[in-house]
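Remarks on the overall topology
One letter stands for each residue in the lines below.
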Amino acid sequence: MADTLIGIAHTFGDNINTDLISPACYMERSRQEIAAHAMEGVDPDFAKSVRPGDFVVAGKNFGSGSSRETAPRALKDCRVAAVIAQFFARIFYRNCINIGLPVLICPEAGEIGEGDRLEVDLGEGVILDLTTGRRFSCDPLPPNIQKIIASGGLLESLRR
Amino acid sequence: MPMTMSEKLLARAAGLPQVRAGEIVTARVDCAMMDDILGPRVMDEAFRAYGGQVLCPERCVVICDHYAPPANIDQANIVAFTRRWAEENGVTQFYESQGPCHQLLAEEGFSLPGTVQVGTDSHTCTAGAFGCFGTGVGSTEMTGVVLTGELWLRVPETVRVIWNGKLSRGVMAKDLILHTIGRLGHAGATYQTLEFTGEAIRELSMEQRMCISNMAVEAGAKAGLIAPDEKTFAYLADHGCRREYEPVYSDPDASFAGNVTFDASSLTPQVAAPHEVDNVFPVKDLLGTRMDQAYLGSCTGGRLSDLEAAAEVLRGRKVAKGVRLYVSPASQRIYRQAAQMGLLGALAEAGAVILAPTCGACVGTHSGILADGERCVSASNRNFRGRMGSKAAFVYLASPATVAASAAAGELRDPREFL
């Protein structure tokens, strides 16, 4: 995991639940197909418009509802570099870390604009909005959690 | 330094003298529960890729409840796979068609004071009623637990939910927790432990306490703890629990993130209207809402005292024409007890259809799922769109007494009129 990531922000509101991120009707399909429908419940064009290294930036309670891992997995398979939110639903947050998808809690995430270019330092917990010049500080992830993400997920980190 | 119950539970599991909210610890898991829907069949590929060895089979439990008894061939194959997986991996603590996992974990003595339990089901917080740190995890997480016997946890802050006074007749634990969630909101306790306390909680039976802890996750909570007491110990002893345990309690001067206080004596029957669990109203505000189905069952509302409350309302009455009342006792043990006590007979006499103990209708997999446009009043725990079947159906969550009264009337009714 490179400590500094640069990409474009795709912004979303509050209470985006797992059914909106990864609709249940695709759960039986292949990972590629599930990823092709990522965020379909709120933005049907997301999977087409997202580029490797981009960020998902959301409001409060991102990932509420089901414990299904297809939700963070679909974002990871779209090559989203990190998910930033004002706060996350608990099981979704853990699932992200356990599959190696970086997450950052940023109370000011709502002030990041759609399409803004961001520079994110996961180690320091700093988001620099290169479009507006604003700087947001977040609590950096604790070192042991950073280690899990850097390994590519929980099982990879256990193997090491 | 003083600690909360939640901090003490995780300190013990981490082998540390002291932990504080916010800290991340590696906790030893005392009980790891895998169900049929998100357990072995989802975990198996990664499990094999990373060694395929269950570290401590004696701390694992596998339960087929969501798809058992199966309604179609796919479900039957999943149950068969799960059964085989348990056998091949040395997990002898295997249950099938015995009822929803959280009730079985309680009855079989796996939800013990002072311990940590994780399960591939978000309602694993039910174990909190025993002063056990129970919480739901994803399938990758469970794979890690099965391989290593431990997992990382952020020690949550604790919010105390204090219920003073006593519940009045016809008002149940379900009303109490629905009202709490209505106040906190469905993300109101995210990352946190809720510790339920106060006279009303102490007065409740273990069965009713389990209903409260069960729904802590509906406010986003990680755990929903209740301090163990004589009732807890008696429940475990009565159910033949021979395992040893050592309860822990919050220090009086522990640091809590907040206190929310309620008065039980003024609480009236509550209902969570579609399609969110925090969309809570007093039943009196929605009186007369027509129902097609009434459901009494699940890990939230199918216990003996729930069936008793329903039978009390329905004795000498009949389920209204055009309404189906389905009853699924929360375990095979409860089924037998309810039969011996004449409760199943009384309910059937009133027109109820008695089903197997299962998660089926609550999670919309079988045994009473809803058609387009139908309304159901249910003693279960979630009313999300599509939860109990059709995405065009409507689920109203209420107490077992309210479910029974509404079944008799064919519309949402206050059970106190029937007592």
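Owing to the predicted nature of the structure, the values given are computational and were not obtained by experimental measurement.

About the thresholds
- Position numbers for residues start from 1 in each chain and track the written sequence from start to end.
- Just so you know, chain letters begin at A and ligand numbers begin at 1, following the order they were written in.
- pLDDT decides what is reported in this predicted model: residues at 70 or higher carry local features, side-chain atom pairs at 80 or more are listed and counted, and totals for whole chains, interfaces and linings draw on all residues regardless.
- To obtain the side-chain values, all non-hydrogen atoms of the structure were used and water was disregarded.
- By definition, any uninterrupted DSSP run of H or I lasting at least four residues is a helix, any uninterrupted run of E lasting at least two residues is a strand, and each is numbered from the N terminus.
- Contact definition: two residues touch when any of their heavy atoms are within 4.5 Å.
- Burial status follows relative accessibility: with a 1.4 Å probe on protein chains alone, a residue under 20% of its type maximum counts as buried, one over 50% as exposed, and anything between as partly exposed.
- Domain start and stop points were drawn from an automatic or database domain assignment.
- Buried area is calculated as the accessible area (1.4 Å probe) missing from two parts once they are joined, with the contributions of both summed.
- In what follows, salt bridge is the name for a side-chain nitrogen of Lys or Arg lying within 4 Å of a carboxyl oxygen of Asp or Glu.
- Contacts described as polar in this section are N or O atom pairs within 3.5 Å, which, within protein, must combine one atom able to donate a hydrogen with one able to accept it, while residues neighboring in sequence count only if both atoms come from side chains.

All names here are of chain B. Along the chain, the position of Ile-201 falls in helix H7 (residues 199-203). As a C-alpha pair, Ile-201 and Asn-77 span 124 residues in sequence and 42 Å in three-dimensional space. The contacts of Ile-201, once residues within four sequence positions are left out, are Trp-163, Leu-176, Phe-196, Arg-209, Ile-212 and Ile-226.

Residue Pro-69 of chain B follows Ala-68 of chain B across a cis peptide bond; omega there is -5°. Assignment of secondary structure puts Pro-69 of chain B in the loop between strand E3 (60-64) and helix H3 (73-88). Of note, the phi angle at Asn-15 of chain A is positive, near 50°, even though the residue is not glycine. Structurally, Asn-15 of chain A can be placed in the loop between strand E1 (4-11) and helix H1 (18-21). In the Ramachandran plot, Ser-97 of chain B falls in the positive-phi region, its phi being about 60° despite a non-glycine side chain. Counting through the fold element by element, Ser-97 of chain B comes out in the loop between strand E4 (94-96) and helix H4 (101-107). By relative accessible area, Ser-97 of chain B is classed as partly exposed at 24%.

Attention shifts here to the side chain of Glu-141 of chain B. Topologically, Glu-141 of chain B is positioned in helix H5 (residues 139-148). Of the residues examined, Glu-141 of chain B reaches a relative accessible area of 1% and is grouped as buried.

We now examine the domain arrangement of chain B. Residue and element names in this part refer to chain B. Annotation of chain B at the domain level lists domain 1 (5-262) and domain 2 (270-418). Taking only C-alpha atoms into account, the centre of domain 1 sits 24 Å from that of domain 2. Listed as interface residues are 41 residues of domain 1 and, on the opposing side, 43 residues of domain 2. Buried surface at the junction of domain 1 and domain 2, both sides included, amounts to about 3,200 Å², of which 55% is carbon and sulfur. Where domain 1 packs against domain 2, one counts two salt bridges. The salt bridge involving Arg-169 is made with Glu-312; its shortest N-O contact spans 3.1 Å. Put simply, domain 1 and domain 2 have 28 residue pairs in polar contact (both at pLDDT 80 or more) between them. Among the elements of the structure, H4, helix H6 (173-184) and helix H8 (206-214) are those that each provide at least two residues to the side of domain 1 that touches domain 2.

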